[in-house]
Amino acid sequence: MAGRGPQGKAERRSAGELESEVLAALWATEQPLTPAEIQAEIDGGLAYNTVHTILKRLYDKGLVLRDVDGRRGAYRPAKNAAQLTAEAMHEALDRGPDPIAALQQFVSGLSPEEEQVLRDLLGGRRFAGGGGA
Amino acid sequence: MRIDVYLPLLLSLLLAALSPVVGRRVAPALAARVLAVSAVFTAAATVWSLFLLAITLVNQAPPVVARAHNDGRRLPEPVPEAIALAAVLALVLVAVRVHRTARAERVTRRTLRTLCAGHPPDTELVVAESPVPQAFTIPAGGGAPGRILVTSAMLRALEPAERRVLLAHERAHLAHRHAFLSAAVALAVAADPLLTPVRTTVTFLVERWADEHAADAVGDRSATARALARAALTTGAPGPSCALNFTDRAVTRRIAALQAGPPPHLWPLAATTLALGALPALGVLDATGDLLSMLEYVPV
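Definitions and limits used
- Residues numbered from 1 in each chain as written.
- Chains lettered and ligands numbered in written order.
- Predicted model: local features only at pLDDT ≥ 70, side-chain atom pairs only at ≥ 80, totals over all residues.
- Helix = DSSP H or I, 4+ residues; strand = E, 2+ residues; numbered from the N terminus.
- Buried ≥ 20, exposed ≤ 12 C-beta atoms within 10 Å, placed from the backbone.
- Contact = placed C-beta atoms within 7 Å.
- Pairing = 2+ DSSP bridges.
- Axes fitted to C-alpha atoms, helices over the stretch in contact; angles between N-to-C directions.
- Expected span 1.5 Å × (residues − 1).
- Nonpolar A, V, L, I, M, F, W, Y, C, P; charged D, E, K, R; others polar.

Trainee: What should I look at first to understand the overall build of chain B in this one?
Mentor: When its secondary structure is counted, chain B shows 11 helices and three strands. Along chain B, from the amino end to the carboxyl end, the secondary structure elements read α-α-α-α-β-β-β-α-α-α-α-α-α-α. Counting every position in chain B, which comprises 300 residues, the buried fraction comes to 49%. Sequence separation of 24 or more characterises 77% of the internal contacts of chain B that already satisfy a separation of 6 or more.

Trainee: Help me understand the sheet that holds strand S3 (residues 147-151) of chain B in this model?
Mentor: Pairing between the strands of a sheet comes from backbone hydrogen bonds, and it takes one of two forms, parallel or antiparallel. Residues and elements named next belong to chain B. Judged by pairing direction, the sheet is mixed, and its three strands sit side by side in the order S1-S3-S2 without closing on themselves. Of all strands in the sheet, those with a lone pairing partner are strand S1 (125-128) and strand S2 (135-138), marking the two edges. Each strand axis lies, on average, 25° off the axis of its neighbour in the sheet, ignoring direction.

Trainee: Explain helix H2 (residues 15-27) of chain A here, please?
Mentor: Side chains three or four residues apart in an α-helix point the same way, a direct result of the helix having 3.6 residues per turn. Helix length check: H2 of chain A, at 13 residues, gives a terminal C-alpha distance of 18 Å against a target of 18 Å (1.5 Å per residue), a fit within 8%. Taken across its 13 residues, H2 of chain A has 10 buried, putting it largely inside the fold.

Trainee: Explanation requested: the pairing of S1 of chain B in the structure shown.
Mentor: Remember that side chains alternate between the two faces of the sheet whenever the strand is regular. Residues and elements named next belong to chain B. A two-sided burial pattern is seen for S1, the buried positions comprising Leu125 and Val127 on one face and Val126 and Ala128 on the other. Sheet analysis places S1 next to S3, joined by four bridges and oriented parallel. Looking at S3, one finds that Val127 is bridged to Val150.

Trainee: For this particular structure, what's the right way to read the interface of chain A and chain B?
Mentor: One frequently used descriptor of interface size is the decrease in accessible area upon assembly of the parts. In this assembly, 56 residues from chain A lie in contact with 62 residues from chain B. Sorting the residues of the side of chain A that touches chain B by element identifies H2, helix H5 (80-94), helix H6 (97-101) and helix H7 (112-122) of chain A as the ones contributing at least two each. The biggest single contributor to the side of chain A that touches chain B is H5 of chain A, with 12 residues. The residue inventory of the side of chain A that touches chain B, partitioned by class, reads 29 nonpolar, 15 polar and 12 charged.

Trainee: How do you make sense of the environment of Thr46 of chain B when you look at a structure like this?
Mentor: All names here are of chain B. Along the chain, the position of Thr46 falls in helix H2 (residues 28-59). In this structure the C-alpha to C-alpha distance between Thr46 and Ala36, which are 10 residues apart in sequence, comes to 15 Å. If near-sequence neighbours (up to four positions away) are discounted, Thr46 is found in contact with Pro8, Leu9, Ser12, Ala191, Asp192 and Pro280.

Trainee: Help me out: how do you make sense of the environment of Val34 of chain B in this one?
Mentor: Among the secondary structure elements, Val34 of chain B is positioned in helix H2. If we skip the residues at most four places from it in the chain, Val34 of chain B touches Val22, Ala270, Thr273 and Leu274 of chain B.

Following this line, the structure appears as structure tokens:
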């Protein structure tokens with residue numbers, strides 16, 4: 001349990017959590033990604049086969065598409081449901097403060113001074129693509 | 001009625017004053033739970049004591065007085081009529097506020113659930129293709145499991161390790177039922193507005209709790225701090241929708257806390273807070289005894 005390497009960490013994540021991470025990785029970029037690229041992108045060393053299995057599951061659910069025009073074996077996220085969700089979300093957010101009040105958002109806004117503090121924190125320490133040192 | 005009927009009001013003020021201290025000193029998971037439980041108890045006791053004060057109006061009704069007199073017994077100390085009337089008014093106000101808060105919570109839940117339309121039910125992550133960076137949870141309910149909604153803009157802004165932090169943070173909200181905790185505190189504050197500062201503290205603590213959970217899951221406190229910084233900078237940048245920027249230095253405080261190392265549990269302070277939450281309940285129990293002895297003389 002304690003003292004696990006990145007490998008161990010990946011193994012302990014559930015299938016559902018890994019699906020989320022693969023999906024998030026595909027949405028985070030403009031280009032379609034191959035399983036090998038996703039494997040490199042996801043922090044914590046997943047086995048190639050695992051990535052493949054997860055992609056198949058996401059494909060079966062209609063959440064990702066095979067990129068037919070581009071490179072063979074590359075995947076990109078399916079956008080229909082995501083666009084509908086965005087429309088519904090903006091409509092709800094515009095409707096007024098009530099529905100937003102109870103949302104637990106990841107972060108809220110900043111003052112200019114705070115912004116500078118945060119830039120200093122991130123300054124020059126941008127993470128390498130693969131993550132984990 | 002003796003002084004103890006007013007105890008919950010006094011202790012509400014004390015709990016409100018103590019809550020920021022607890023929030024700063026005690027580990028967030030413990031502090032949030034303790035404050036939430038204390039707030040709910042205190043609010044319930046406050047409402048009950050208002051009820052006790054209000055019902056003393058019955059006490060002054062001539063038939064009650066006559067009956068007690070015939071028995072040769074003394075009624076519990078009377079409450080000035082003005083206070084009893086004020087209590088009735090306060091009770092009406094409380095009822096309206098609680099009703100409004102409960103309705104707002106229901107509307108929010110329902111609205112959130114509609115955002116999942118078109119997404120397969122067994123997927124945790126719901127992506128919204130939007131240029132506005134946003135991330136929040138959709139709590140379980142109505143037979144549906146809890147979900148995490150993140151916009152594509154937010155996902156694009158973050159580095160891979162930071163995306164894991166974000167997902168772990170939101171997962172912690174779902175796993176520990178933070179929406180339920182927040183709703184309970186919101187209702188408590190609706191019933192007892194003196195507790196408003198407790199809600200502010202719990203809202204902050206719930207985020208801290210999820211941050212600590214994420215730092216644990218990813219095994220890297222500084223990556224967690226960077227994820228918060230990057231997400232905040234992305235959200236704070238001038239964009240199409242700036243309506244959500246209510247800030248109380250929350251993000252910078254959360255980052256500072258992550259950089260400072262895991263917070264201690266400090267059970268004594270937590271236990272004191274809980275005791276403070278239980279005290280008003282004891283006070284009104286005693287006052288309830290007075291009410292029961294008074295009701296003996298109400299003609300049925």
